[in-house]
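# Geometric and topological summary
Listed below are the residues making up each chain.
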Amino acid sequence: GAEPTWEDIRQEVDARREITGTILGELKKDSAGIAAFILTGHAGSGKSTVLRRAAYELARGGNTVYYLRAPHRVQKRPLVNLLLSLGDRRVYLFLDDANLHLDVLEEIAREFHDKNATFVLSDRPHAVYSHLYRVTHLKPTVLEIPLLNQTDAGPIIDKLDEFGKLGDLQNK
């Protein structure tokens, strides 16, 4: 249940979820200007793992990716400087705890709508849904991280077995 490190992601310690491919497909869709996505899911649903996996896969594919994990609201000026420094190149900015950052990202979307940036955020549904009315320029697409299904459970069990962590589940 612990959040994976970048090394865990690189070594593919995380079990691949079906939703990860779907989310990567959505993020890669060709669009000009600002795009925004919010991954929502309840505690322990894998939001942070999917967020890291998507950032890693995009960076590995040669895309410009920044992943920010801030315990407080992100500062607007450094993000604006980054966008301005990249010219027309698309940048993917990943931020956990979406609710903290919505106001700043809304300002950026309003002022720099012509920049090629994709914001990918994640948060729990109760923390973000009631605040979406504030983001009229950002217009995020909400992507729900579903509960585990049979397709997802197999790879997770395989990973637990691979690392000797099945415990009581081993002979059931």
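Refer to the structure printed above.
Residues numbered from 1 in each chain as written. Predicted model: local features only at pLDDT ≥ 70, side-chain atom pairs only at ≥ 80, totals over all residues. Heavy atoms only, no water.

Strand order across the open sheet formed by five strands is β2-β3-β4-β1-β5, with parallel pairing between neighbours. Unpaired on one side and paired on the other, β2 (64-68) and β5 (141-144) mark the two borders of the sheet. In this sheet, neighbouring strand axes are inclined to one another by 20° on average, regardless of whether the strands run parallel or antiparallel. With six bridges joining them, strand β3 (residues 91-96) and strand β4 (residues 117-123) adopt parallel strand pairing. Within β4, the position partnered with D96 by the bridge is S122. Most of the contacts of helix α5 (residues 98-111) go to β4, to which it runs at about 160°, and overall it touches β1 (34-40), β3 and β4. (Pairing = 2+ DSSP bridges. Helix = DSSP H or I, 4+ residues; strand = E, 2+ residues; numbered from the N terminus. Axes fitted to C-alpha atoms, helices over the stretch in contact; angles between N-to-C directions. Contact = heavy atoms within 4.5 Å.)

In total, this model carries 13 salt bridges according to the counting rule given. With a closest N to O distance of 2.6 Å, D14 and R53 form a salt bridge. Residue D14 is found in the loop between α1 (6-10) and α2 (18-28), and its partner R53 is found in helix α3 (residues 47-60); the two are separated by 39 residues along the sequence. Using a relative accessible area of 1% as the deciding quantity, one classes R53 as buried. E111 is the partner of K76 in a salt bridge, and the nearest nitrogen-oxygen pair spans 2.8 Å. With K76 in helix α4 (residues 76-85) and E111 in helix α5, this residue pair connects regions lying 35 residues apart in the sequence. Look at K76 and you get partly exposed, because its relative accessible area is 22%. Look at E111 and you get partly exposed, because its relative accessible area is 41%. Salt bridges sharing partners connect three or more residues here, namely E12, D14, R16, R53, E57 and R60. (Salt bridge = Lys/Arg side-chain N within 4 Å of Asp/Glu carboxyl O. Buried < 20%, exposed > 50% of the residue type's maximum accessible area, 1.4 Å probe, protein only.)

What follows covers the packing of α4 against α5. Interaxial distance between α4 and α5 falls to 10 Å at its minimum, and their mutual angle equals 35°. In the crossing of α4 with α5, the sense of the turn from one axis to the other is right-handed. Taking contact as the criterion, the partners of K76, L79, V80 and L83 in α4 are, on α5, V104, L105, E107, I108 and E111. For the contact of α4 with α5, the class distribution of residues is six nonpolar, no polar and three charged. (Left-handed = near helix turned anticlockwise from the far one by under 90°. Nonpolar A, V, L, I, M, F, W, Y, C, P; charged D, E, K, R; others polar.)

So, on to the packing of aromatic side chains. Scanning all chains against the criterion turns up one aromatic pair. Relative to Y67, the ring of W6 lies with its centre 5.0 Å away and its plane at 90°, an arrangement referred to as edge-to-face. Of this pair, W6 sits in helix α1 while Y67 sits in strand β2, placing them 61 residues apart in sequence. (Phe/Tyr/Trp six-rings, centres within 6.5 Å; stacked < 30°, edge-to-face > 60°.)

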